[in-house]
Amino acid sequence: MKVQSLFDLEGRSFSRADKASRFVTGHDFSRADKTNKINRALAPEGRPSGNLFFAMCFAIFLFAPAALPAQQNKPWEKIPIPKLHDFKPQQPKRIQLKNGIVLFLQEDHELPFVSGSVLIPGGSRDEVPAKTGLVELYGQAWRTGGTAKVSGDALDDLLEAKAAHIETEGGGESTMLAWDSLKGDADQVFSLALDLLLHPAFNPEKLQLAQQQAATGIVRRNDEESEIASRESAKLVYGANSPYTRQPELATIGTVSVDDLKAWHDRTIGGKLIVGISGDFDPVAMEAKLRAAFEGLPPAKAAPARHDIFPGPKPGISFIDKEDVNQSNVEIVGLGTDRRNPDVPALALMNDVLGGGFSSRLIQKVRTELGLAYSVGGGYGFAYDHPATFRVAVLTGSATTVEATKAALDVIAGLTSHEFSQEELDRAKDNILNSFLFRYDTKDKVLAERERLEFYGYPADYLETYQAALKKVTLADLNSVAKKYIHPEKLALLVVGNGPEIKPGLDALKLGPIQTVDIAIPQPGKQPGQPGQPGAMEKNQ
């Protein structure tokens, strides 16, 4: 059995740009090679890898004594635990140019490397629906097309010879150009990156290649039941046509032209750019170089206000039949909140108690006590600039689908009826507060978080004030937010599994009629929502 917590310590939401297979917190930064660094900054570090973790568990099981004496000494309890250092990350230097562009300089002389990035507002949530997938194609074709001076292929050869990188990527809320190199090559690589930023040459052949690769992903998107579950459950919360759940189709990517890519670039490059540089450099010289490169650009245009609608799910059961599996992916979902909500610190702690790890209520009840789930976890999500989702995910065998689902629903409902204990609160605080030191243990992670806060308009000291607010949460606060935000009657349920093997059937849950979801991939010329196309809903007889 694979045992894992599906969620980080603070609850997560869905994002189409994350290919619907990852749990995210509503941030959607595309940093090319730096993307993983930003993602790592959002999750606790210092854990063993999956294989190492299970090897350790097996070794403990193999060599542990069969039974422990009742009065056995516990010397590990006498090991002194030193107090962790105070959380005071070194903040990068912030410089705002007269045109509105923001620069961040983060010195780090540990290694002779320099890396940089330009974050550009505007992502897939801003696409025209008829051209859904444009930003993903743009992110690839931008880099592979090269510039007017250097073709993409020539750029590949040049960078490979220097062990350097320049990458571009499109995301849900932004696009990104990022680069890195040895200190001695930093000036040349920066010049190449700047040329790509300001003078891209979108190549029709490279666009066609990107379209072919995207089409391959589309036709295979129903291979993994976990990806289906997270993608389709997000649609229950936000709606199938929401900017946060729209998915590229063969027809929509086929309509994207080189002119579309150029128009997108011209539209977004004029926004408030956020430029971040980290590594081994002289700060005075670097500031002068960045000013020379970006100060002459036109004044940054403000991003238009968004007016997205978040209806929340319609309570009930949706089912997707996948007969080539012997397990069920169960998603229990609802509408979450955003990080500006003052209740977020208490919600984060509630999430840890609910589904944050092996000591959480979901793990202890559904997996450890009842033995009904391979993995289970969840929480009340909060994104930076829009409501995230409440989500609890259960992976269980086909025959235990109904029982495991009932157990998870009982644990969720229990948040409002079974009051939290001081032990649960203390453990949750330790988990989250201690994780800060590992989530931001490098200057590069701190820079990535600072750029994120700048992008969404949060104060520079947000992390510090958030940490202080976590420390102040009381048991009364925890019980209060549970009663305020946990409403089982408003949740929707999605099951992806092998229908004939789910016995008893899903109707045993007594949550109303079961809606079957058709996830067939439409061919060009057919519209979603037609019979046999995604979006068509039928009652299961």
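Before any of the text, the structure's been laid out above.
Thresholds, definitions, all that
- Residues numbered from 1 in each chain as written.
- Predicted model: local features only at pLDDT ≥ 70, side-chain atom pairs only at ≥ 80, totals over all residues.
- Heavy atoms only, no water.
- Buried < 20%, exposed > 50% of the residue type's maximum accessible area, 1.4 Å probe, protein only.
- Helix = DSSP H or I, 4+ residues; strand = E, 2+ residues; numbered from the N terminus.
- Pairing = 2+ DSSP bridges.
- Core = buried A, V, L, I, M, F, W, Y, C linked by side-chain atoms within 4.5 Å.
- Axes fitted to C-alpha atoms, helices over the stretch in contact; angles between N-to-C directions.
- Parallel < 35°, antiparallel > 145°, perpendicular 65-115°, else oblique.
- Left-handed = near helix turned anticlockwise from the far one by under 90°.
- Contact = heavy atoms within 4.5 Å.
- Nonpolar A, V, L, I, M, F, W, Y, C, P; charged D, E, K, R; others polar.
- Patch = residues over 30% accessible without salt bridge, like charges linked within 9 Å, V, L, I, M, F, W, Y side chains within 5 Å.
- Areas by Shrake-Rupley, 256 points an atom, 1.4 Å probe, with all protein chains shown as cover.
- Salt bridge = Lys/Arg side-chain N within 4 Å of Asp/Glu carboxyl O.
- Expected span 1.5 Å × (residues − 1).

A. Examining the pairing of strand β13 (residues 492–497) more closely. For β13, a buried count of 6 out of 6 residues is recorded, marking the element as mostly surrounded by other parts of the structure. Residues Ala492, Leu494 and Val496 line one face of β13 and the alternating positions Leu493, Val495 and Gly497 line the opposite face, and both faces are buried. In this sheet, β13 lies alongside strand β7 (residues 316–321) in parallel orientation, the contact comprising 6 bridges. Among the inter-strand pairings, Asp321 is bridged to a residue of β13, identified as Gly497. Looking at chain direction, strand β8 (residues 327–335) and β13 are connected through 5 bridges and run antiparallel. In the strand pairing of β13, Glu331 is matched with Leu494.

B. Region of interest: the nonpolar core. By size, the foremost hydrophobic cluster in this structure holds 68 residues, and its most contacted members are Met350 and Leu506. In terms of residues, this core owes the most to one element, helix α11 (residues 344–355), which gives 8 residues. Counting 48 residues, the second-largest nonpolar core is a separate cluster that includes Leu97, Leu105, Leu137 and Leu261.

C. Quick look at the packing of helix α4 (residues 152–161) against helix α5 (residues 186–198). The interhelical angle for the contact between α4 and α5, taken along N-to-C directions, is 160 degrees, at an axis separation of 12 Å. As summarised for this structure, α4 and α5 are arranged roughly antiparallel, according to the angle between their axes. Between α4 and α5 the crossing geometry is left-handed. Residues Leu155, Leu158 and Leu159 of α4 lie in contact with α5, whose contacting residues are Gln188, Val189 and Leu192. The class makeup of the residues in the contact of α4 with α5 is 5 nonpolar, 1 polar and no charged.

D. A nonpolar patch on the surface, seen in detail. On the surface, Leu111, Phe113 and Leu182 cluster together into a nonpolar patch covering about 270 Å² of accessible area. Inspection of the secondary structure assignment puts Phe113 in strand β3 (residues 113–121). Here Phe113 falls in the partly exposed class, since its relative accessible area comes to 42%.

E. Local environment of the pattern of salt bridges. Counted by the stated rule, this structure contains 27 salt bridges. The salt bridge partner of Glu287 is Arg291, with a shortest N-O separation of 3.0 Å. Residue Glu287 and its partner Arg291 are located together in helix α10 (residues 283–294), separated by 4 residues, close to a single helical turn. In this structure Glu287 comes out as buried when scored by relative accessible area, which is 17%. Owing to a relative accessible area of 26%, Arg291 belongs among the partly exposed residues under this scheme. Glu424 is the salt-bridge partner of Arg361, the closest N and O atoms lying 3.0 Å from each other. One end of the pair, Arg361, is in helix α12 (residues 361–369); the other, Glu424, is in helix α14 (residues 422–439), and 63 residues separate them in sequence. Owing to a relative accessible area of 16%, Arg361 belongs among the buried residues under this scheme. Accessibility expressed as a relative area gives 15% for Glu424, which makes it buried.

F. Spotlight on the environment of Glu323. Along the polypeptide, Glu323 turns up in the loop between β7 and β8. As for Glu323 and Pro500, which are separated by 177 residues in sequence, their C-alpha atoms are 7.8 Å apart. Every residue in contact with Glu323, bar those within four places of it in the chain, is listed here: Asn498 and Pro500.

G. Focus on helix α15 (residues 443–456). The terminal C-alpha atoms of α15 lie 20 Å apart, and with 14 residues this matches the ideal 20 Å at 1.5 Å per residue to within 8%. Burial analysis of α15 places 13 of its 14 residues in the buried class, which makes it a mostly covered element. Directly beyond the C-terminal end of α15, a positive phi value near 80 degrees is found at Gly457.

H. Structural context of the sheet that holds strand β2 (residues 102–107). Ordered by their spatial adjacency, 6 strands build an open sheet running β1-β2-β6-β3-β5-β4, and the pairing between neighbours is mixed. The strands lining the two open edges of the sheet, one partner per strand, are β1 (93–96) and β4 (165–170). Averaged over all adjacent pairs, the angle separating strand axes in this sheet is 15 degrees, with direction ignored. Sheet topology places β1 next to β2; 4 bridges connect them, and they run antiparallel. If you follow Lys93 over to β2, its bridge partner there is Leu105. Those strands touched by α10 are β1, β2, β3 and β6 (274–279), and its axis lies near 155 degrees from that of β2.

Remember, this is a structural readout, not a statement about activity or role.
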